[in-house]
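Structural overview
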Amino acid sequence: MDIEIAVVPVAGLGTRLLPATKSQPKEMLPVGRKPVVQYVVEELTRVGTKQVLFVTGPGKASIENHFDLNGELIQTLRESGKEELLAELAFERSAVQYFYTRQRQLLGLGHAVLCAKSFVGRRPFIVALGDSIIGMHAESDVVRRMTRCFFERDAVAVIAFEEVPRDEVSHYGVAAPVSPGDVFELADVVEKPSAEEAPSNLAIAARYVLSPAVFDALEETQPGKGGEIQLTDALRALIRQGGKAYGVRLTGGERRYDIGNFDAYFQAFVEFALADPKHGEALRRHLEELLHVPHA
Ligand code: UTP
């Protein structure tokens with residue numbers, strides 16, 4: 001069984017990527033050939049999503065334009081004999097329906113998800129962060145594995161997790177698993193703990209499958225770390241009320257590329273560019289020359 005509706009929060013200011021994000025959304029920054037948010041939508045489409053609700057804000061109109069049909073561009077390509085480039089616009093014709101709502105105050109990820117309440121209603125839904133790609137070329141079915149867990153175990157929430165070095169846990173929501181394994185029950189989730197306090201080194205990895213009960217919990221959630229309404233705090237409350245929440249680990253091939261800071265963004269861009277079937281090899285040779293690496 002698939003979950004048809006996905007909420008993609010894209011309202012953040014992306015301040016860690018200034019000046020690149022001054023007048024363009026960070027979710028539209030290219031990684032290799034495509035903007036980040038296109039990989040996110042392609043991943044969702046592959047696991048059966050039919051409706052995508054973007055939670056947007058001022059300055060994010062280019063996301064709407066990107067997923068719209070651009071008849072003028074198609075006609076120009078046809079008339080100028082560049083038909084082969086039409087394949088690059090195939091994503092425009094996917095069967096997904098797009099919806100947009102505004103997060104009118106930037107009060108955090110939990111608040112952005114709460115903005116989806118009246119659209120989602122009482123259905124289960126996916127949350128996929130618009131600034132994170134899962135796996136090279138977004139070829140991950142982690143959301144499908146999470147959905148299976150959600151229905152089989154009658155969960156209130158299933159969260160994707162990735163192992164990170166201990167000294168990085170303070171950037172993420174972190175799991176307190178009940179037991180080890182690729183799918184594990186959660187005793188708790190903690191937002192941005194210190195390395196000493198962290199219950200594990202399993203960090204939330206930008207994908208959630210949630211029951212609509214999370215909206216009730218979000219409405220009760222007070223601002224937490226950073227003065228923001230944290231989704232992690234609402235999930236924690238659901239667990240404390242007796243709801244069953246589970247974690248699903250990303251597998252080896254499913255690295256999470258979060259492009260929220262320049263280190264991670266540069267690394268993601270280079271990895272995707274190196275994997276490009278047409279241009280990757282030339283880039284590899286160029287990098288080897290720059291770095292004086294002897295040719296293999
Ligand atoms: P981040 O916290 O990484 O994004 O949120 P940010 O706030 O834009 O980053 P900085 O710290 O200023 O650099 C992860 C995702 O959640 C969305 C962001 O757009 C991003 O895709 N988000 C975050 C919202 O939609 N609303 C919020 O209030 C916060």
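Residues numbered from 1 in each chain as written. Predicted model: local features only at pLDDT ≥ 70, side-chain atom pairs only at ≥ 80, totals over all residues. Heavy atoms only, no water.

**A closer look at the overall build of the chain**
Tallying secondary structure elements over the chain gives 10 helices and 13 strands in all. Over its C-alpha atoms the chain spans a radius of gyration of 20 Å, differing by no more than 12% from the 19 Å that the globule rule assigns to 296 residues. In terms of its C-alpha atoms, the chain occupies a principal-axis envelope of roughly 60 × 50 × 35 Å. Within the chain, the fraction of its 296 residues that count as buried is 48%. Considering only intrachain contacts with a sequence separation of at least 6, the fraction spanning at least 24 residues in the chain is 76%. (Helix = DSSP H or I, 4+ residues; strand = E, 2+ residues; numbered from the N terminus. Rg over C-alpha atoms; globule rule 2.2 N^0.38 Å. Buried < 20%, exposed > 50% of the residue type's maximum accessible area, 1.4 Å probe, protein only. Contact = heavy atoms within 4.5 Å.)

**Considering the site of the ligand**
Inspection of the region around the ligand gives 19 residues, with Gly-12, Gly-14, Thr-15, Glu-27 and Gln-103 positioned closest. Contact distances for the ligand include 3.1 Å between an oxygen atom and a backbone N or O atom of Pro-9. Between Gly-108 and the ligand, the recorded distance is 2.9 Å, taken from a backbone N or O atom to an oxygen atom. Protein chains shield 84% of the accessible area of the ligand, which is 570 Å² for the free molecule. Of the residues contributing to the shell around the ligand, the split by class is nine nonpolar, six polar and four charged. (Near = heavy atom within 4 Å. Polar contact = N/O pair within 3.5 Å; in protein donor to acceptor, adjacent residues only side chain to side chain. Areas by Shrake-Rupley, 256 points an atom, 1.4 Å probe, with all protein chains shown as cover. Nonpolar A, V, L, I, M, F, W, Y, C, P; charged D, E, K, R; others polar.)

**Details of the nonpolar core**
Core analysis: the biggest nonpolar cluster contains 36 residues, and Phe-125, Phe-161, Leu-186, Leu-210, Val-214 and Leu-235 have the highest contact counts within it. Counting 33 residues, the second largest nonpolar core, distinct from the first, contains Ala-6, Val-10, Met-146 and Ala-155. (Core = buried A, V, L, I, M, F, W, Y, C linked by side-chain atoms within 4.5 Å.)

**Concerning the environment of Val-189**
The residue Val-189 is located in strand 10 (residues 183–191) in this model. Sequence separation between Val-189 and Ala-245 is 56 residues; the distance between their C-alpha atoms is 9.6 Å. With sequence-adjacent residues up to four places away left out, Val-189 is seen in contact with Ile-159, Phe-161, Val-174, Ala-175, Thr-232, Leu-235, Arg-236 and Ile-239.

**Focus on the side chain of Arg-256**
Mapped onto the fold, Arg-256 is located in strand 13 (residues 256–258). The class of Arg-256 is buried, set by a relative accessible area of 10%.

**Focus: the pairing of strand 8 (residues 157–163)**
Here strand 8 lies mainly inside the structure; six of its seven residues are buried. By the bridge criterion, six bridges tie strand 8 to strand 11 (residues 202–210) in an arrangement that is antiparallel. Bridge pairing links Ala-157 to Leu-210 in strand 11. For strand 8 and strand 12 (residues 245–249), the ladder comprises five bridges, and the chain directions are parallel. Looking across to strand 12, one finds that Val-158 is bridged to Tyr-246. (Pairing = 2+ DSSP bridges.)

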